[in-house]
Amino acid sequence: MKKILSIMTAAMLGTAVSAQETYDNAQLATKDLNGTARYVGMGGAMEALGADLSTIGTNPAGIGMFRRSMVAGSFGFNSQQDAKSFGNANKTNMSFDQAGFVYSMRSGRHSMLNFGFNYTKSKNFDQILTAAGRLNNASQNKLSAMKNANGVYTLQDKNNGLVSNSGAYSQADYLYSNVLFNHYDANNPNDPNNATLTDKGVIVNQTTGLPVYYNATGYDFGRSTTGYIGQYDFNVSGNSNDRFYWGFTVGIYDVHYNGSSLYSESLVDGNTAIGDVAMNDERKITGTGFDVKAGLIFRPAEELPFRIGLYVHTPTWYDLTTRNYTVLDNKTSEAYGSSDYGKSSESYDFKFYTPWRFGVSLGHTVGNYLALGATYEYADYTTNDIRVNDGGEVDYWGNYYETSSRDEAMKQNIKNSLKGVHTVKLGMEFKPEKNFAVRLGYNYQSAMYNKNGFKDGSLESYGTYYASTTDYTNWKDTHRFTAGVGYNYGKFSFDLAYQYSQTNGDFYPFMSYVDNSEPKFDNVCDAVKVSNKRNQLLFTVGYKF
């Protein structure tokens, strides 16, 4: 009977400072198209048209166009199309998406001073991702073995457990080293690999001197994610002579991310099937952040309804905590591996800063029956910054300041794997009669990931050190198509919107490794095509007073 390995990584990792990884954090830096049903129905192209609560989080000057106070709330349903069942995850979920108000007061005959607050679910993490593929002389455990064989990390035997001081020794490497590569199991004389740990800290077959690993014929992967980022915006804005509009917004963010994944491989020893290994990972990310947004809208010609909007957002400065609980289940034949399973867990704090955002927008109205909007926004995600918490210091006055430093190795990976994103929004609202509106919109977002980017498990980085998964997806462009209707009844407004979005991507279970001198040590996996197709139905009720 194999032994049970139950060494927690808290005992292995002797440091509290930390940082996260490029792909894990990239999902926190983007925002969904969400808010009021009117805003969504027009594809979000309202940054120059204004007078909608959702512009508080894009172009704050849009709140300056209110002439009456208003309160509104939005809720609806989100459904993932074509998703396969995984765990207990649901394909369709109800969502509370927006709630806010604006208080409008006159500061002059043709001028207003407004104050507003709005909550928006800026990111909805509800998603199911599944993938499966063939592996030809490759495996996740082989990646760990090749890292060890090529000196990316070296191992030490401590109390019949393998540890390493290298920043490239991930939690996944730790589990494979201790569960599957059974060099220290003197009670297993039938070990088919005759494994041993050399004085250079490498696991090899002591007869052949070759690295110890197992190829896989194929893999299955599934992940379900839930949670959200709540965005709480506080705004002050106004206008001058109904021609120049300005606004400032301070945003506070609340992160709640939960992910559960299962990765399994069917292993072989030569041509002999020896069973499966399965890596089950549970991860949570929580924390808070804040940013500042500023914008303006102006009419170049006083007599024309044509408007131009400009806005800028600072980075969102996040303080985050991540926790994981990871189990490697060894279901291979009795002679393989030293343990039935191993488990690893860790909790740590880090900082993450998103990029600056810049936007320009155009808006035009025709009478009281047609509104047209267009917005262009740019954000350079190569400027994402992952920072290590260094601790804190107390100044002369007794105030405590927490300090941090950039994770330079992971920063280079960000530059190699991410890129600038262009967002284009187009929207139209048509009123066939005074109280009824029909809306259409299109929203395009270019890819954030380089097609050749990858989750680099060989980096000397805390982001690698604490990593518990090896998979990554290079998502491509996002296309969103929207439509909506609205009806005003006295002081009440009722709006309904539908949004369809689609993003395709290339999924990889782990990074590829190519050995320039020995092809049999190559560990290459091909991409699997995946997609995220979503349907949203959103309903908003508003009241003006």
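None of these values were measured; they are calculated from a predicted model.

**As for the overall build of the protein chain**
Here is step 1 of the chain: Within the protein chain one finds seven helices and 23 strands.
Here is step 2 of the chain: For 545 residues, the compact-globule formula gives about 24 Å, and the C-alpha radius of gyration of the protein chain, at 27 Å, lands near that figure.
Here is step 3 of the chain: Burial status across the protein chain gives 57% buried among its 545 residues.
Here is step 4 of the chain: Contacts in the protein chain between residues far apart in sequence, at least 24 positions, make up 73% of those at least 6 positions apart.
Here is step 5 of the chain: If you sum the accessible surface of the protein chain, you get close to 23,000 Å²; carbon and sulfur atoms cover 55% of it.
Here is step 6 of the chain: Distance between charge centres in the protein chain, computed from 48 positive and 52 negative side chains, equals 10 Å.

**Comments concerning the nonpolar core**
Soluble globular proteins tend to bury their nonpolar side chains together.
Here is step 1 of the chain: Judged by nonpolar contacts, the single largest core of 72 residues is most densely connected at Leu 28, Leu 135, Ile 203, Leu 320 and Phe 352.
Here is step 2 of the chain: Once you skip the residues sitting within four places of it in the chain, Ile 203 turns out to touch Asn 148, Leu 155, Leu 162, Ser 177, Phe 181, His 183, Ala 195, Thr 196, Leu 197, Leu 210, Pro 211 and Val 212.
Here is step 3 of the chain: In terms of nonpolar packing, the next biggest core, distinct from the first, is built from seven residues, Leu 53, Ile 56, Ile 63 and Ala 72 among them.

**Examining the pairing of strand β22 (residues 492–508)**
Here is step 1 of the chain: Sheet analysis places strand β21 (residues 472–489) next to β22, joined by 16 bridges and oriented antiparallel. For Gly 486, the partnering residue across the bridge sits in β22 and is Asp 495.
Here is step 2 of the chain: In this antiparallel pair of consecutive strands, β21 and β22, the connection spans two residues, and Gly 490 shows a positive phi of 65°.
Here is step 3 of the chain: One ladder, built from 16 bridges, connects β22 with strand β23 (residues 528–544); its direction is antiparallel. Its bridge partner lying in β23, Leu 496 is registered against Phe 539.

**Observations concerning the packing of helix α4 (residues 140–149) against helix α5 (residues 171–179)**
Here is step 1 of the chain: At their nearest, the axes of α4 and α5 sit 9 Å apart, and the two run at 95° to each other. Of the possible angle classes, the one that applies to α4 and α5 is roughly perpendicular. Mapping the contact onto sequence places Gln 140, Asn 141, Ser 144 and Lys 147 in α4 and Ala 172, Asp 173 and Tyr 176 in α5.
Here is step 2 of the chain: Its residues assigned to classes, the contact of α4 with α5 shows two nonpolar, three polar and two charged.

**Side note on the pattern of salt bridges**
Opposite charge on two side chains permits them to pair, given that their charged atoms come into close proximity.
Here is step 1 of the chain: Evaluated as defined, the whole model comprises 19 salt bridges.
Here is step 2 of the chain: Between Lys 533 and Asp 82 there is a salt bridge, with its nearest N and O atoms 3.4 Å apart. Separated by 451 residues along the polypeptide, Lys 533 in strand β23 and Asp 82 in the loop between β1 (70–81) and β2 (92–108) bring together distant segments of the chain.
Here is step 3 of the chain: Close ionic contact of Arg 387 with Asp 385 constitutes a salt bridge, the shortest N to O distance being 3.0 Å. Both residues of the pair, Arg 387 and Asp 385, count as buried.
Here is step 4 of the chain: When salt bridges that share partners are traced, they join Arg 38, Glu 429, Arg 439 and Asp 495 into one network.

Rules used throughout
- Think of each chain on its own: its residues are numbered from 1, step by step along the sequence as written.
- The predicted nature of this model means local features are confined to residues of pLDDT at least 70 and side-chain atom pairs, given and counted, to a pLDDT of 80 or more, with totals for whole chains, interfaces and linings taken over all residues.
- Only hydrogens and water are removed before side-chain values are computed, so all heavy atoms of the structure are retained for them.
- Think of it this way: any DSSP run of H or I at least four residues long counts as a helix, any run of E at least two long counts as a strand, and we number them from the N terminus.
- Atoms counted for the radius of gyration: C-alpha only. Globule rule: 2.2 Å times residue count to the power 0.38.
- Any residue under 20% of the maximum accessible area for its type is buried, any over 50% is exposed, and the rest in between are partly exposed; the area is computed with a 1.4 Å probe on protein chains only.
- We call two residues contacting when some pair of their heavy atoms lies within 4.5 Å.
- Note on areas: these come from Shrake-Rupley sampling with a 1.4 Å probe, and a residue is covered only by the protein chains present in the view.
- In this tally, Lys and Arg are treated as positive and Asp and Glu as negative; His is ignored, and so are the chain termini.
- Each charge is placed at NZ for Lys, CZ for Arg, CG for Asp and CD for Glu.
- By nonpolar core we mean a set of buried residues, namely Ala, Val, Leu, Ile, Met, Phe, Trp, Tyr and Cys, connected to one another through side-chain atoms within 4.5 Å.
- We call two strands paired when DSSP finds no fewer than two bridges between them.
- Here an angle of 0 to 180 degrees is reported between the N-to-C directions of two axes, which are lines fitted to C-alpha atoms, with helices fitted over the stretch in contact.
- Oblique is the label for every angle not falling under 35 degrees (roughly parallel), over 145 degrees (roughly antiparallel), or within 65 to 115 degrees (roughly perpendicular).
- In this count, Pro and Cys sit with the nonpolar residues alongside Ala, Val, Leu, Ile, Met, Phe, Trp and Tyr, while Asp, Glu, Lys and Arg are called charged and the others, Gly among them, polar.
- Salt bridge, as used here: a side-chain nitrogen of Lys or Arg that lies within 4 Å of a carboxyl oxygen of Asp or Glu.

By themselves these figures say nothing about function.
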